[in-house]
Amino acid sequence: MPKISEEVLTKFSNVQNQIWQTVSITCSEAIGDTLTFGSPLPDVTTTNDLFSEMASPKLIIQFALADQPDNQQVILMTQETFADLAAMAKKVDPIEITAIDENLVADARPLIDAIVQGLCLAVGNIKNEPLVALGLTVRYQIFNFPPSLQKAESVMRTSIAITSNVVNGSLTWIIDGETASSIAGVMVNAEGTSLATAVEDAKTAEINALPDETGSLEILMDIPLEISVELGRVRMMVKDVVDLGSGSIIEIDKAAGEPVDVFVNGRLVARGEVVVIEDNFGVRVTEILSPQERLSRLQDAA
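Nothing here was measured: the structure is a model prediction, and the numbers come from that model.

## Topic: the pattern of salt bridges
In step 1: Summed over the entire model, instances satisfying the criterion amount to nine salt bridges.
In step 2: Between Lys-11 and Glu-7 there is a salt bridge, and its shortest N-O distance comes to 3.3 Å. Residue Lys-11 and its partner Glu-7 are both found in helix 1 (residues 6–14); the two are separated by four residues, about one turn of the helix.
In step 3: Among the residues examined, Lys-11 registers a relative accessible area of 35% and is labelled partly exposed.
In step 4: By relative accessible area, which is 24% here, Glu-7 ends up partly exposed.
In step 5: Residue Asp-67 pairs with Lys-127 through a salt bridge whose shortest N-O separation is 2.5 Å. Of this pair, Asp-67 sits in the loop between strand 2 (58–65) and strand 3 (73–77) while Lys-127 sits in helix 6 (residues 109–127), and the two are 60 residues apart along the sequence.
In step 6: Overall, Lys-127 belongs to the buried group, its relative accessible area being 17%.

## What to know about the packing of aromatic side chains
In step 1: Evaluation of the coordinates by the stated rule reveals four aromatic pairs.
In step 2: Ring plane angle 35° and centroid distance 5.7 Å describe the contact between Phe-12 and Trp-173, whose orientation is recorded as tilted. Here Phe-12 is found in helix 1, whereas its partner Trp-173 is found in strand 6 (residues 168–176), with 161 residues between them in sequence.
In step 3: Residue Phe-12 is classed as buried on the basis of its relative accessible area of 0%.
In step 4: Accessibility expressed as a relative area gives 1% for Trp-173, which makes it buried.
In step 5: Plain terms: the ring middles of Trp-20 and Phe-37 are 6.1 Å apart, the flat faces sit at 25° to each other, and that makes the pair stacked. With Trp-20 in helix 2 (residues 16–31) and Phe-37 in strand 1 (residues 36–45), the pair connects residues that are 17 residues apart, well separated along the chain.

## Focus on the environment of Ala-184
In step 1: When you line up the elements, Ala-184 lands in helix 8 (residues 177–184).
In step 2: The exposure class of Ala-184 is buried, given its relative accessible area of 15%.
In step 3: For the pair Ala-184 and Leu-9, spaced 175 residues apart in sequence, the C-alpha to C-alpha distance is 8.0 Å.
In step 4: Once residues within four sequence positions are removed from consideration, Ala-184 is found in contact with Val-8, Lys-11 and Phe-12.

## Focus on the environment of Asp-176
In step 1: Within the element layout of this structure, Asp-176 appears in strand 6.
In step 2: Considering only alpha carbons, one finds Asp-176 and Gln-72, 104 residues apart in sequence, at a separation of 8.1 Å.
In step 3: In terms of polar contacts, Asp-176 uses its side chain to reach the side chain of Asn-71, at 3.4 Å.

## A few points about a nonpolar patch on the surface
In step 1: A cluster of nonpolar side chains, Val-234, Met-236, Val-241, Leu-244 and Ile-250, forms an exposed patch at the surface whose accessible area comes to about 380 Å².
In step 2: When you line up the elements, Val-234 lands in the loop between strand 7 (227–230) and helix 11 (238–242).

## What about the sheet that holds strand 7?
In step 1: Here we have four strands laid out as an open sheet, ordered 7-8-9-10, and antiparallel in their pairing. This sheet does not close on itself; its edge strands, each paired only once, are strand 7 and strand 10 (280–288). If you compare each strand with its neighbour and ignore which way they point, the axes differ by 40° on average.
In step 2: Of the pairings in the sheet, the one linking strand 9 (residues 267–277) to strand 10 comprises eight bridges and is antiparallel in character.

## Brief notes about unusual backbone geometry
In step 1: Residues other than glycine seldom take positive phi values, yet Lys-91 does so here, at roughly 60°.
In step 2: Mapped onto the elements of the fold, Lys-91 is located in the loop between helix 4 (79–90) and helix 5 (102–107).
In step 3: Positive phi outside glycine occurs at Asn-128, with the angle close to 60°.
In step 4: Within the fold, Asn-128 resides in the loop between helix 6 and strand 4 (133–141).

About the criteria used
Residues numbered from 1 in each chain as written. Predicted model: local features only at pLDDT ≥ 70, side-chain atom pairs only at ≥ 80, totals over all residues. Heavy atoms only, no water. Salt bridge = Lys/Arg side-chain N within 4 Å of Asp/Glu carboxyl O. Helix = DSSP H or I, 4+ residues; strand = E, 2+ residues; numbered from the N terminus. Buried < 20%, exposed > 50% of the residue type's maximum accessible area, 1.4 Å probe, protein only. Phe/Tyr/Trp six-rings, centres within 6.5 Å; stacked < 30°, edge-to-face > 60°. Contact = heavy atoms within 4.5 Å. Polar contact = N/O pair within 3.5 Å; in protein donor to acceptor, adjacent residues only side chain to side chain. Patch = residues over 30% accessible without salt bridge, like charges linked within 9 Å, V, L, I, M, F, W, Y side chains within 5 Å. Areas by Shrake-Rupley, 256 points an atom, 1.4 Å probe, with all protein chains shown as cover. Pairing = 2+ DSSP bridges. Axes fitted to C-alpha atoms, helices over the stretch in contact; angles between N-to-C directions.

Given below as structure tokens:
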């Protein structure tokens, strides 16, 4: 999988507050108490850099979104944070939580499901489509990266603070670059570059290449050219032309509202719409040939 670009990181960061506000609401409703997920801090890292943080057991929530079933994502919590959340879910004092086991994970499952449900709801709202989680698993153990994250050249890690009257902890959300790009609304190519950026780079390269490709035209740049605008054309019989008089109407081959043609030295280079500028007519360009095509036609005209 490609690297995660700065554009994806920026746009992904911009939707974080929206995502975790939704998670806060779903979790608070699930346990009947206020639980806040906030201060999200996304950053781009690698799985190798994360291995050092995985030495101790953690609560591991693993799933995929329905629109990307092969892209596993994980939510990780430390023992301390999960113990506080479990106590809140069970409505007991955190001091009563003495060990993390399967029974405690089961007791906290409604709250865990609410976290995932909130993420699905928030991301679905961003994408404007309903989303559900697939393959949801919850376990407490040493974390191993799923295959989809192991193959990723870089991953998006987001740290989120969790606070309530009994909780003061955090969780870590880890997703691959393809998932981050999808959530951020950025379409990327195989190299991880957004398609919009790739198109813009191609246009820039195209324009920058013009001097080398058209150096012979440099001497023409200061030559004045005749620009004409054609509203339309029509073919008429000689007898009809002879019959023309003051007040005659000539119907041309363009419908009202269609763009007019803009010619440079008789060569079509653009189309536009007629506008009025004070007491004069003008043309606002709506379509235009590429720089190479324009230069080629001007070269022919010269």
